Amino acid sequence: MKPLGINSIIRILLLAVMMATAGTATAQNGLGIDEVFERYGHAKGCKMVEMHNAKLRGYQLTLYKSLTYKKIGAVVEKYLKEDKRRAKKIREVVEDGKIVSGYYMMSPKADNINRYILFSNVRKNEGAIIYIEGKLSPDDIMKLCYSKW
């Protein structure tokens, strides 16, 4: 599996921005990344996008929330490690002994709504995290992230 490059993350974010946007609920409540979104969602050097009931490349999402960041990679890594311990499925890309991208499938919400944390941190202290809720399977996540645009 190739690393989820910054260009792929940017494409997902740009496509997401073009779609409908909505409210401010913290559906990722109980996850470490919730703290990252809360503390850094409006910080300088960060960009946050949040959408509810949106469609992304043909996939219906209950919630899409992303954060691109600079300078806080060590903080994000701490919270990702916390969430990794609770993940039901883990897919990571390791380069030179360092985890550079991947996704964690968390316990589903009610009504079989799956929850995913996607991340990419290919540059020192820079990267992106994405939180997705929807009826997507792990295969759908792989297609969404790694298929050609």
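Residues numbered from 1 in each chain as written. Predicted model: local features only at pLDDT ≥ 70, side-chain atom pairs only at ≥ 80, totals over all residues. Heavy atoms only, no water.

J.: Would you mind showing me how to read the overall build of the protein chain here?
T.: A tally of regular secondary structure across the protein chain gives four helices and six strands. When its helices and strands are written in sequence order, the protein chain yields α-α-β-β-α-β-β-β-β-α. Intrachain contacts of the protein chain at a sequence separation of at least 6 include 57% that bridge at least 24 residues. Accessible area of the protein chain: about 8,000 Å², with a carbon and sulfur share of 50%. (Helix = DSSP H or I, 4+ residues; strand = E, 2+ residues; numbered from the N terminus. Contact = heavy atoms within 4.5 Å. Areas by Shrake-Rupley, 256 points an atom, 1.4 Å probe, with all protein chains shown as cover.)

J.: Would you take a moment to explain the sheet that holds strand 3 (residues 89-95) for this structure?
T.: Note on sheets: strands pair through backbone hydrogen bonds, and any given pair is parallel or antiparallel. Here six strands make up an open sheet; going across it, the order is 1-2-6-5-4-3 and the pairing antiparallel. In this open sheet, the two strands that pair with only one neighbour each are strand 1 (47-56) and strand 3. Averaged over neighbouring strand pairs, the angle between their axes works out to 10° when direction is ignored. Examined bridge by bridge, strand 2 (residues 59-70) and strand 6 (residues 126-134) share nine bridges and lie antiparallel to one another. What sits directly across from S66, in strand 6, is I130. (Pairing = 2+ DSSP bridges. Axes fitted to C-alpha atoms, helices over the stretch in contact; angles between N-to-C directions.)

J.: Would you mind going over a positive patch on the surface with me for this structure?
T.: A cluster of basic side chains, namely K44, K47, K70 and K71, defines a positive patch on the protein surface. Relative to the helices and strands, K71 resides in the loop between strand 2 and helix 3 (73-86). Exposure remark for K71: the relative accessible area of 74% places this residue in the exposed category. (Patch = residues over 30% accessible without salt bridge, like charges linked within 9 Å, V, L, I, M, F, W, Y side chains within 5 Å. Salt bridge = Lys/Arg side-chain N within 4 Å of Asp/Glu carboxyl O. Lys, Arg positive; Asp, Glu negative; His and termini not counted. Charge placed at Lys NZ, Arg CZ, Asp CG, Glu CD. Buried < 20%, exposed > 50% of the residue type's maximum accessible area, 1.4 Å probe, protein only.)

J.: Would you mind showing me how to read the packing of helix 2 (residues 32-40) against helix 3 here?
T.: A packed helix pair is summarised by two numbers, namely the angle formed by the two axes and the spacing between the axes. With their axes 7 Å apart at the nearest point, helix 2 and helix 3 run at an angle of 150° to one another. By the angle between their directions, the pair helix 2 and helix 3 is classed as roughly antiparallel. Along its contact with helix 2, which presents G32, I33, E35, V36, R39 and Y40, the element helix 3 presents V75, V76, Y79, L80, E82, D83 and R86. The class makeup of the residues in the contact of helix 2 with helix 3 is seven nonpolar, one polar and five charged. (Parallel < 35°, antiparallel > 145°, perpendicular 65-115°, else oblique. Nonpolar A, V, L, I, M, F, W, Y, C, P; charged D, E, K, R; others polar.)

J.: For this particular structure, what's the right way to read the nonpolar core?
T.: Soluble globular proteins: nonpolar side chains tend toward being buried together. Membership of the largest hydrophobic core comes to 20 residues, with the highest contact counts inside it found for I33, L80, I117 and I129. At the level of secondary structure, the elements contributing two or more residues to this core comprise helix 2, strand 2, helix 3, strand 4 (98-109), strand 5 (113-123) and strand 6. Considering each element in turn, this core owes the most residues, four residues, to helix 2. Apart from residues no more than four positions distant in its own chain, I117 is found in contact with L31, I33, L80, D83, G102, Y103, Y104, M106, I130 and Y131. (Core = buried A, V, L, I, M, F, W, Y, C linked by side-chain atoms within 4.5 Å.)

Everything listed is a geometric property; what it means functionally is a separate question.
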